[in-house]
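Okay, here's what each chain looks like letter by letter:
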Amino acid sequence: MLLSRFKGNLYPLVIEAQTSFYGSMLSVNIRVISRRAERESRYEADERRSSGALWFAIKNRLSTGDRMRVWGLQQECLLCGEKDETRYHLFFACPYSFMVWVRATGSLLGNRITPDWQDTVTRIQYDRGNKMDMVLMRMVFQMAVYHIWRERNTRRHGKAWIPMEKLAYQIDKTMRNIILSLRYSYGSKLEGLMRRWFEVTS
Ligand SMILES: [Zn+2]
């Protein structure tokens, strides 16, 4: 429906939405990157790399199996064995990654949590919930995409696999450390970000 209504200028609309979606995350990234000159912690490095993975995922430029076929390579999903590895499968139609997503987000997304990539991106872009939940949603989405993509690559290179519970735990740990590193000032609307994260994930 949306496609036919905006057929003439769909492409610019989509690009604009994606750019602003990604741009809205930069506020988090910039604050962390600006302190890289001092000493980059493991979590800050994770945060920086995760924004790159997210950008590639949003643009559908990750080298997933469907894209590798163009180069004559066969790649099934390394997380569950599904024959057709696509971005939509990895985030989060794959049973492994969906369980990681469910565990990592706790009650943040409520019963509207879905394995559908587009529905998830749309919700994160346009949902008008409270500000802290929106920030947490964007952050955990970025972290989940990064950690799942990293786990997929680890398996591709024949290294040890991580069970879904452990991957979700790693996402939670990274979230806590990044929230801590943001150091919101007293009185800021986001001052209670960590408290809210504990509420939805405990
Ligand atoms: Zn899978």
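Residues numbered from 1 in each chain as written. Predicted model: local features only at pLDDT ≥ 70, side-chain atom pairs only at ≥ 80, totals over all residues. Heavy atoms only, no water.

**Student:** Before we move on, can you summarise the environment of Trp161 with the specific residues and values?
**Tutor:** With respect to the helices and strands, Trp161 occurs in the loop between helix H8 (131-156) and helix H9 (164-182). Exposure remark for Trp161: the relative accessible area of 57% places this residue in the exposed category. For Trp161 and Leu79, which are 82 residues apart along the polypeptide, the C-alpha to C-alpha distance reads 9.0 Å. With residues up to four places along the chain from it excluded, the contact list for Trp161 reads Leu78, Glu151 and Arg155. (Helix = DSSP H or I, 4+ residues; strand = E, 2+ residues; numbered from the N terminus. Buried < 20%, exposed > 50% of the residue type's maximum accessible area, 1.4 Å probe, protein only. Contact = heavy atoms within 4.5 Å.)

**Student:** How would you sum up the packing of H8 against H9? Please name residues and give values.
**Tutor:** At a closest axis distance of 10 Å, the pairing of H8 and H9 adopts a crossing angle of 135 degrees. The orientation of H8 relative to H9 falls into the category oblique. Crossing of H8 over H9 shows right-handed handedness. Residues Leu136, Met139, Val140, Met143, Ala144, His147, Ile148, Arg150 and Glu151 of H8 form the contact with H9, whose own contacting residues are Leu167, Gln170, Ile171, Thr174, Met175, Ile178, Ile179 and Leu182. Of the residues assigned to the contact of H8 with H9, the class counts are twelve nonpolar, three polar and two charged. (Axes fitted to C-alpha atoms, helices over the stretch in contact; angles between N-to-C directions. Parallel < 35°, antiparallel > 145°, perpendicular 65-115°, else oblique. Left-handed = near helix turned anticlockwise from the far one by under 90°. Nonpolar A, V, L, I, M, F, W, Y, C, P; charged D, E, K, R; others polar.)

**Student:** Please set out the coordination of the zinc ion residue by residue, giving values where relevant.
**Tutor:** On the protein side, the zinc ion has Cys77 (SG), Cys80 (SG), His89 (NE2) and Cys94 (SG) as donor atoms, found 2.1 to 2.4 Å from it. Coordination at the zinc ion is tetrahedral: its four donor atoms span angles of 101 to 117 degrees at the metal. Every donor residue of the zinc ion comes from the same chain, spaced as C-x2-C-x8-H-x4-C. Residue class for Cys77 comes out buried when judged on its relative accessible area of 1%. Note on Cys80: relative accessible area 36%, which makes it partly exposed. (Donors = N, O, S within 2.8 Å, 3.2 Å for Na, K, Ca; no water. Tetrahedral: all angles 85-135°; square planar, octahedral: opposite > 155°, others 65-115°.)

**Student:** Outline the pattern of salt bridges, listing residues and values.
**Tutor:** Under the counting rule described, the total for this entry stands at eight salt bridges. A salt bridge links Glu199 to Arg196; the shortest N-O distance between them is 2.8 Å. Pair noted here: Glu199 and Arg196 are both in helix H10 (residues 193-201), with a separation of three residues, about one helical turn. Of the residues examined, Arg196 reaches a relative accessible area of 24% and is grouped as partly exposed. (Salt bridge = Lys/Arg side-chain N within 4 Å of Asp/Glu carboxyl O.)

**Student:** Can you explain unusual backbone geometry? Please cite residues and give values.
**Tutor:** In this structure, the amide linkage connecting Phe91 to the following residue, Phe92, adopts the cis form with an omega of 0 degrees. Of note, Phe92 is situated in helix H5 (residues 87-93).

**Student:** Give me the lowdown on the nonpolar core, citing residues and values where you can.
**Tutor:** If you look at the biggest cluster of nonpolar residues, it comprises 45 residues, and the most contacted ones within it are Phe91, Phe141 and Leu193. Of all the secondary-structure elements, those providing two or more residues to this core are helix H3 (42-58), H5, helix H6 (95-105), helix H7 (117-126), H8, H9 and H10. At 13 residues, H8 tops the list of elements feeding residues into this core. Each residue touching Phe91, except ones within four places of it in the same chain, is listed here: Ala57, Leu62, Ser97, Pro115, Trp117, Val145, Ile148 and Trp149. (Core = buried A, V, L, I, M, F, W, Y, C linked by side-chain atoms within 4.5 Å.)

**Student:** Any chance you could break down the confidence of the model for the chain for me, citing the residues and the numbers?
**Tutor:** Per-residue pLDDT for the chain has a mean of 77; in total, 74% of the residues score no lower than 70. When mean pLDDT is taken per element in the chain, H6 scores highest with 97 and helix H1 (residues 2-5) scores lowest with 32. Predicted confidence is poor over residues 1-38, with pLDDT under 50, and the contacts of this stretch with residues over four places away or in other chains come to 36 contacts. (pLDDT = per-residue confidence, 0-100.)

**Student:** Please set out a nonpolar patch on the surface residue by residue, giving values where relevant.
**Tutor:** A contiguous nonpolar patch, built from Val70, Trp71 and Leu73 and spanning about 360 Å² of accessible area, is present on the exposed surface. Secondary-structure assignment places Trp71 in the loop between helix H4 (65-68) and H5. (Patch = residues over 30% accessible without salt bridge, like charges linked within 9 Å, V, L, I, M, F, W, Y side chains within 5 Å. Areas by Shrake-Rupley, 256 points an atom, 1.4 Å probe, with all protein chains shown as cover.)

**Student:** Quick one: what's the story with the packing of aromatic side chains, residue by residue and with numbers?
**Tutor:** In this description, an aromatic ring pair is defined by two values, namely the gap between the centres and the angle between the planes. Within the structure shown, the criterion is met by six aromatic pairs. Seen in terms of ring centroids, Phe92 and Trp101 are 4.5 Å apart; in terms of plane orientation they differ by 0 degrees. Their pairing is stacked. Taking the relative accessible area as the measure of exposure, Trp101 reaches 0% and is therefore buried. Connected via pairs of aromatic rings, a cluster forms that spans Phe91, Phe92, Trp101, Trp117 and Phe141. Taking NZ or CZ as reference, Arg87 lies 4.7 Å from the ring centre of Tyr88, over its face. When the ring centre of Tyr96 is taken as origin, the NZ or CZ atom of Arg155, which lies over that ring, is 4.7 Å away. (Phe/Tyr/Trp six-rings, centres within 6.5 Å; stacked < 30°, edge-to-face > 60°. Lys NZ or Arg CZ within 6 Å of the ring centre and 35° of its normal.)

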